[in-house]
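Structural overview for review
So you can see what is in the structure, the chains are spelled out below.
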Amino acid sequence: MNLSVHSLYKHFKTKQGTLVALQNINLKIEQGEFVCAVGASGSGKSTLLRLIAGLDTPTSGEITVNGVSVTGPGADRGMVFQKYTLYPWMSVAQNVGFGLKLQGVPTTKRREQIAYYLDIVGLTQFAHALPKELSGGMQQRVAIARALASQPRILLMDEPFGALDAQTKEKMQQFLLELWQRTGTTILMITHDVEEALFLSQRLYVMSSRPGTIKTEVNMDLPGDRTYHSKKHSIFQDRKEMVLDLLRNEGIPEVVPC
Ligand SMILES: Nc1ncnc2c1ncn2[C@@H]1O[C@H](COP(=O)(O)OP(=O)(O)OP(=O)(O)O)[C@@H](O)[C@H]1O
């Protein structure tokens, strides 16, 4: 599996004129990689992910998965959004199995898949609960299980922990890292949280605002296993300073001369 984004542009027509949301985006993600794109608000992160998911079309440029052009949504790309997008009237198990049902997966196979992915996210005992009976972090784990159950080639995550409190967010980051190590799923996650991006990814793209471009690519080759202690490592701290410096002048509203 590889995901390739080549010379991608996205313009939006607004009342003020044409807004260049993305300008000449080029990136590549290989099988099994965990990559983050980090940028200030308005740098086009969500637009980029929506284009890769096939939920919107580029103005120009090309996105391919395994060499095949993306022309719309597909089961090869699983999506997890910031806000919990579970169906409130369905049980946890029904939510996880929803995509499989749409794909026509037979009941027995579907049950097996649901049980497997509920186990992966540690929610087996909540299979029959309704989403409202779960905490925010648990609901997001159901959303991740649902996305994984369709066995996508790549998991696309749009600020998945943005709505969680600080402690739950930390636990979910650790959980996602372990899940990635166990399953080898290819992940592209966007976030405005620099520490989160540095902690989770093997590689990250730093995006600039107005227009959204890729400013630089950073390798996160931290020594040893990643735990919360990794954040205290001097390499981690140096990279954090570097990325924060790059972003420091971003996201400031344009000044209109008087
Ligand atoms: N459908 C749309 N029509 C017009 N402008 C849009 C549309 N979608 C996004 N934009 C504009 O494109 C730019 C990039 O938006 P986008 O939501 O992708 O940024 P972002 O980096 O994800 O921001 P945030 O972190 O705040 O979610 C913004 O200036 C936004 O106003």
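Keep in mind that this is a model prediction, so the values were computed, not measured.

Cut-offs used in this document
- Residues numbered from 1 in each chain as written.
- Predicted model: local features only at pLDDT ≥ 70, side-chain atom pairs only at ≥ 80, totals over all residues.
- Domains from an automatic or database assignment.
- Contact = placed C-beta atoms within 7 Å.
- Helix = DSSP H or I, 4+ residues; strand = E, 2+ residues; numbered from the N terminus.
- Near = placed C-beta within 6 Å.
- Nonpolar A, V, L, I, M, F, W, Y, C, P; charged D, E, K, R; others polar.
- Buried ≥ 20, exposed ≤ 12 C-beta atoms within 10 Å, placed from the backbone.
- Pairing = 2+ DSSP bridges.
- Axes fitted to C-alpha atoms, helices over the stretch in contact; angles between N-to-C directions.
- Parallel < 35°, antiparallel > 145°, perpendicular 65-115°, else oblique.
- Left-handed = near helix turned anticlockwise from the far one by under 90°.
- Core = buried A, V, L, I, M, F, W, Y, C linked by C-beta atoms within 7 Å.

**A word on the domain arrangement of the chain**
Partitioning the chain into structural domains gives domain 1 (1–76 + 154–231) and domain 2 (83–151). Look at where the C-alpha atoms of domain 1 and domain 2 centre, and you get two points 24 Å apart. Of the residues lining the interface, 12 residues belong to domain 1; the matching set on domain 2 comes to 9 residues. Among the elements that make up the side of domain 1 that touches domain 2, the one with the highest residue count is helix α5 (residues 166–183) (5 residues).

**So, the site of the ligand**
Around the ligand, the structure places 14 residues, and the nearest of them are Phe12, Ala21, Ser41, Ser46 and Thr47. Where the shell around the ligand is concerned, the elements lending two or more residues are β1 (2–14), β2 (17–30) and α1 (45–53). Ranked by residue count, the leading element in the shell around the ligand is α1, at 3 residues. Grouping the constituent residues of the shell around the ligand by class yields 3 nonpolar, 10 polar and 1 charged.

**Considerations on the environment of valine 142**
Here valine 142 shows up in helix α4 (residues 136–149). We classify valine 142 as buried; it has 26 C-beta atoms within 10 Å. Along the backbone, valine 142 and glycine 212 are 70 residues apart, and their C-alpha atoms lie at a distance of 32 Å. In contact with valine 142, other than residues within four places in its own chain, are Leu86, Val92, Asn95, Val96, Leu123, Pro131 and Leu134.

**Some words on the sheet that holds strand β8 (residues 186–191)**
Pairing between sheet strands relies on hydrogen bonds along the backbone, with the strands arranged either parallel or antiparallel. Taking strand neighbours across the sheet as the criterion, the 6 strands line up as β6-β7-β8-β3-β9-β10 in an open arrangement whose pairing is mixed. The open sheet has two edge strands with one neighbour each: β6 (77–80) and β10 (213–219). Taken pair by pair, the neighbouring strands of this sheet meet at an average axis angle of 20°, ignoring direction. By the bridge criterion, 6 bridges tie strand β9 (residues 203–208) to β10 in an arrangement that is antiparallel. Each residue of the ladder has a partner; that of arginine 203, found in β10, is asparagine 219. Together, β6 and β7 (154–158) form the strand contacts of α4, whose direction differs from that of β6 by roughly 170°.

**Some points on the packing of helix α3 (residues 107–120) against α4**
At a closest axis distance of 9 Å, the pairing of α3 and α4 adopts a crossing angle of 135°. By the angle between their axes, α3 is oblique relative to α4. When the axes of α3 and α4 are compared, the crossing they make is right-handed. Across the interface between the two elements, Gln113, Ile114, Tyr117, Leu118 and Ile120 of α3 pack against Ala145, Leu148 and Ala149 of α4.

**Thoughts on the nonpolar core**
Formed by 66 residues in total, the largest nonpolar core has its most connected members in Cys36, Val38, Ile52, Val96, Ala145, Leu156 and Leu204. In terms of residue count, α4 provides more of this core than any other element does, 8 residues in total. A domain-level breakdown of this core finds at least three residues from each of domain 1 (1–76 + 154–231) and domain 2 (83–151). Ignoring anything within four residues of it in the chain, the contact list for cysteine 36 reads Met189, Ile190, Thr191, Ala197, Leu200, Ser201 and Leu204.

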